[in-house]
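Results of the structural survey
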Amino acid sequence: MSFAIREINQNTSFLQNVSLGMLTTDTCKDMAKTIYGALWILSGKEEPVPGYHCQKTPMPPVIIGAYESMGSAAIAGILGLFGHPQVSYSTSNSQFSDKKQFPSFLRTIPSNDYQAQLLHYLKNVRFKNKLGEEMYFDQNGDPPATYDIINWQLKEDGNIHYVKVGKFDSSLPTEQKLYFSAKAIQWNLERTEVPRSVCSESCPPGFRKAAQKGRPICCFDCVPCAEGEVSNETDSSACWQCPDELWPNEGRSKCVPKIIEYLSYEDSLGAILAGLASLSSTLTAAILCVFIKYRGTPIVKANNRELTYFLLVGLVLGFLSSLLFIGVPRTIICLLRQPAFGIIFVFSVSCVLAKTIMVVIAFRATKPDSNMRRWLGPKVPIATVSLCTLGQVLICVSWILLCPPFPQKNMKLKIGTIILLCNECSEIAFWCMLGYIGLLACVSFLVAFLARTLPDSFNEAKWITFSMFLFLSVWMYFILGYLSNQGKYMVAVEIFAIICSSAGLLFCIFFPKCYIILIRPDLNTREQLLGKRTTGNKMKSS
């Protein structure tokens, strides 16, 4: 304070025609001396006389109380007793009792005419000192804070040098207030690199800190985040779980969307299976057209023409039903795809069974005085196909009504993957549907096997036997593959079984006939068929 007043008085540019003075007394942090000093300032006598002012100089316009709040309160009380109004500065909310703002270093101030040469000049003064530093007071009456950042540098001779390495200046803009040169700082033993303050390296994102037992807290191990967890901060103390729809990236530093898996048309496997199914159904439709075009030829007539048409239509639908298993599983698709496949396949297998039965009936009917002739009409095949198909329809309808299949997102089957699939809802209904197909296939196989030695003119049985054997083999392998695969590969196994078993029926039953119809029409005559029959009977008789 003494230095500041002396500087102001010596520089006429600050307060023109005005000189400042002061009276000081040391409180020595003693309450009695604090009160004594206040009375001395009021009276001007070495021995204070309360109520009298014996100095020739004017009364001080400002009294700055002791730093301690208790001493300032005592001075304020004395001033009030002697009729000197005062205001008290509150450090808790920075407000004065009379709502006027005063510099923060003022504790107790008599309210008189002088208090308004002082606050005005304090708030508006701005000058440069002898060192060229700009001086001013902020709204709290505080001057700018300016500090030099000094680095103690120990030299080899043992002397310590104080080197300025930076500066803090509150008068500068925020981004320029603090400046220091890291390269100028010298750490212990004249090292310029910053020493490590921990005994372990920082843990990067994707890891968490694990404290080392019995060692300081700055000693830790970096442990990778557990499966399904991430940490995106350096030196993270914990990892956290990703939401259900997300999964950690390779570095386990952030959560990313899980891979969505289903058998799609864009997938190479799905595209191949869809292509095979489409090609097979087209080929089957072409064979159907051939049989319709040559419906009047003996080989078509002799092999139950209407059943042949039904079987070919069933095979076309069977190939196309496999397309229902490709693409995003939706509610209507999940509801229909297994029942559609099951009913279509039972219809096809029942057509094969009806053809086999008709081969047996036709052979029996050729014997003299046979009563089997009355069964040669369309009643037997229609009844066989209808009853067999009705059984599968009842199974599938019950399945849909009691426990309908539905689309599902499986997030637990494969790590980091959301598998879109159709939940069949009832495993019992699913295996009953497949079991019913297998039962009809076994019956067809047995009937065809027993009828395989019948005359050639009526005999499709040996081809049906082979086709049913292939059909059963494919579905036996399907069961093994279906149970050992997951996700889209499980669906692909079923599609493959549908295509292979249908192709087996198509190849074994219809390719030999197409060969005769298209390539060897000379064999497609009644004489040839009867000749073969006669030759067969003679061989059997001999």
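Predicted, not measured: the structure shown is a model, and the values here were computed from it.

The next point concerns the overall build of the chain. Counting its secondary structure elements, the chain contains 13 helices and 16 strands. Carbon together with sulfur atoms contributes 61% to the accessible area of the chain, which is approximately 32300 Å² in total.

Strand order across the open sheet formed by 3 strands is β5-β6-β7, with antiparallel pairing between neighbours. Two strands lie at the open edges of the sheet, namely β5 (146–154) and β7 (178–180), each paired on one side alone. Neighbouring strand axes in the sheet, compared pairwise and without regard to direction, differ in orientation by 30° on average. Inspection of the sheet shows strand β6 (residues 160–169) paired to β7 by 3 bridges, in the antiparallel sense. In the strand pairing of β7, F168 is matched with L178.

Turning to the nonpolar core, a few remarks are in order. Membership of the largest hydrophobic core comes to 63 residues, with the highest contact counts inside it found for F291, F341, F471, W475, I495 and F510. Every element with two or more residues in this core is listed here: α5 (268–293), α6 (298–301), α7 (305–321), α8 (331–365), α9 (379–402), α10 (427–450), α11 (461–484) and α12 (488–519). Broken down by element, this core gets its largest block of residues, 13 residues, from α12. If near-sequence neighbours (up to four positions away) are discounted, F471 is found in contact with F345, V349, I437, A441, S501 and L505. Judged by nonpolar contacts, the second largest core, of 7 residues, contains A38, L42, I75 and L79.

The next point concerns the state of the cysteines. Summed over the entire model, instances satisfying the criterion amount to 5 disulfides. With its sulfur 2.0 Å from that of its partner, C225 forms a disulfide with C239. Measuring the twist about the S-S bond at about -75°, one finds the C225-C239 disulfide to be left-handed. Separated by 14 residues along the polypeptide, C225 in the loop between β9 (220–224) and β10 (229–230) and C239 in the loop between β10 and β11 (240–241) bring together distant segments of the chain. Exposure class is identical for C225 and C239. Each is buried.

In the contact formed by α9 and α10, the axes pass within 9 Å of each other and the chain directions differ by 170°. Viewed along their axes, α9 and α10 adopt a mutual orientation that is roughly antiparallel. Packed against α9, whose contacting residues are L387, C388, G391, Q392, I395, C396 and W399, the element α10 presents A429, F430, C432, M433, Y436, I437 and L440 at the interface. For the contact of α9 with α10, the class distribution of residues is 12 nonpolar, 2 polar and no charged.

With that settled, the discussion passes to the packing of aromatic side chains. Centre-to-centre distance and the angle between the planes together describe a pair of aromatic rings. On inspection of all chains with the given rule, the structure shows 15 aromatic pairs. An angle of 35° between the planes, with centres 6.5 Å apart, marks the rings of F445 and F469 as tilted. Taken together, the residues span a long stretch of sequence, with F445 in helix α10 and F469 in helix α11 at a distance of 24 residues. Pairwise contacts between aromatic rings join F341, F345, F471, W475 and F478 into one cluster. Against the face of F220 rests K209, its NZ or CZ located 4.9 Å from the ring centre.

A cluster of nonpolar side chains, I150, W152, L154, I160 and Y162, forms an exposed patch at the surface whose accessible area comes to about 580 Å². Those elements giving two or more residues to the nonpolar patch turn out to be β5 and β6. When residues in the nonpolar patch are grouped by element, the largest group, 3 residues, is from β5.

Let us now look at α7. If you check α7, its first and last C-alpha atoms are 24 Å apart, about what 17 residues at 1.5 Å a residue would give, namely 24 Å. All buried positions along α7 are accounted for by L307, T308, Y309, L311, L312, G314, L315, V316, G318, F319 and S321.

Within the secondary structure layout, P521 lies in the loop between α12 and α13 (526–541). Since its relative accessible area comes to 48%, P521 is described here as partly exposed. In this structure the C-alpha to C-alpha distance between P521 and I299, which are 222 residues apart in sequence, comes to 10.0 Å.

Attention shifts here to the pairing of β6. Where β5 lies against β6, 9 bridges are found, and the strand directions are antiparallel. Bridging from a neighbouring strand, T146 pairs with D169 of β6. Linkage of β5 to β6, two consecutive antiparallel strands, is achieved through a turn of 5 residues, within which G158 is found at a positive phi near 95°.

What follows concerns empty space enclosed by the protein. Approximately 70 Å³ is the volume attributed to the largest cavity. What lines the largest cavity is Y262, L263, F325, G327, P329, R337, L420, L421, C422, G487, K488 and V491. When contributions to the lining of the largest cavity are tallied by element, the ones reaching two or more residues are β16 (417–423) and α12. Of the residues forming the lining of the largest cavity, the biggest block, 3 residues, is contributed by β16. Looking at the lining of the largest cavity, its residues break down into 8 nonpolar, 2 polar and 2 charged.

Below, the discussion takes up the confidence of the model for the chain. On average, residues of the chain score 80 in pLDDT, and 82% of them reach the 70 mark or higher. Confidence, read as mean pLDDT per element, is least for strand β2 (residues 108–110) in the chain (44) and greatest for α5 (93). Contacts for the low-pLDDT stretch residues 90–115, under 50 throughout, to residues beyond four places or in other chains number 67 contacts. Note on residues 533–542: pLDDT is under 50 here. Beyond four places in sequence and across chains, it has 6 contacts.

Let us now look at the environment of E250. Mapped onto the secondary structure, E250 falls in the loop between β12 (246–248) and β13 (255–257). Placed 44 residues apart in sequence, E250 and G206 show a C-alpha to C-alpha distance of 9.1 Å.

Before going further, it helps to spend a moment on the environment of A226. Relative to the helices and strands, A226 resides in the loop between β9 and β10. With 22 residues separating them in the primary sequence, A226 and P248 have C-alpha atoms 9.9 Å apart.

Looking now at the pattern of salt bridges. This structure, assessed with the given rule, holds 6 salt bridges. With its nearest N and O atoms 3.9 Å apart, the salt bridge here joins E424 to R337. Of this pair, E424 sits in the loop between β16 and α10 while R337 sits in helix α8, and the two are 87 residues apart along the sequence. Overall, E424 belongs to the buried group, its relative accessible area being 6%. A relative accessible area of 6% means that R337 is categorised as buried.

Calculation rules
Residues numbered from 1 in each chain as written. Predicted model: local features only at pLDDT ≥ 70, side-chain atom pairs only at ≥ 80, totals over all residues. Heavy atoms only, no water. Helix = DSSP H or I, 4+ residues; strand = E, 2+ residues; numbered from the N terminus. Areas by Shrake-Rupley, 256 points an atom, 1.4 Å probe, with all protein chains shown as cover. Pairing = 2+ DSSP bridges. Axes fitted to C-alpha atoms, helices over the stretch in contact; angles between N-to-C directions. Core = buried A, V, L, I, M, F, W, Y, C linked by side-chain atoms within 4.5 Å. Buried < 20%, exposed > 50% of the residue type's maximum accessible area, 1.4 Å probe, protein only. Contact = heavy atoms within 4.5 Å. Disulfide = S-S within 2.5 Å. Parallel < 35°, antiparallel > 145°, perpendicular 65-115°, else oblique. Nonpolar A, V, L, I, M, F, W, Y, C, P; charged D, E, K, R; others polar. Phe/Tyr/Trp six-rings, centres within 6.5 Å; stacked < 30°, edge-to-face > 60°. Lys NZ or Arg CZ within 6 Å of the ring centre and 35° of its normal. Patch = residues over 30% accessible without salt bridge, like charges linked within 9 Å, V, L, I, M, F, W, Y side chains within 5 Å. Salt bridge = Lys/Arg side-chain N within 4 Å of Asp/Glu carboxyl O. Expected span 1.5 Å × (residues − 1). 1 Å grid on protein atoms, 1.4 Å probe; cavity = no way out; pocket = protein on both sides within 12 Å on 5 of 7 lines; lining within 4 Å. Points joined across faces, edges and corners; volume = space filled by probe spheres on them. pLDDT = per-residue confidence, 0-100.

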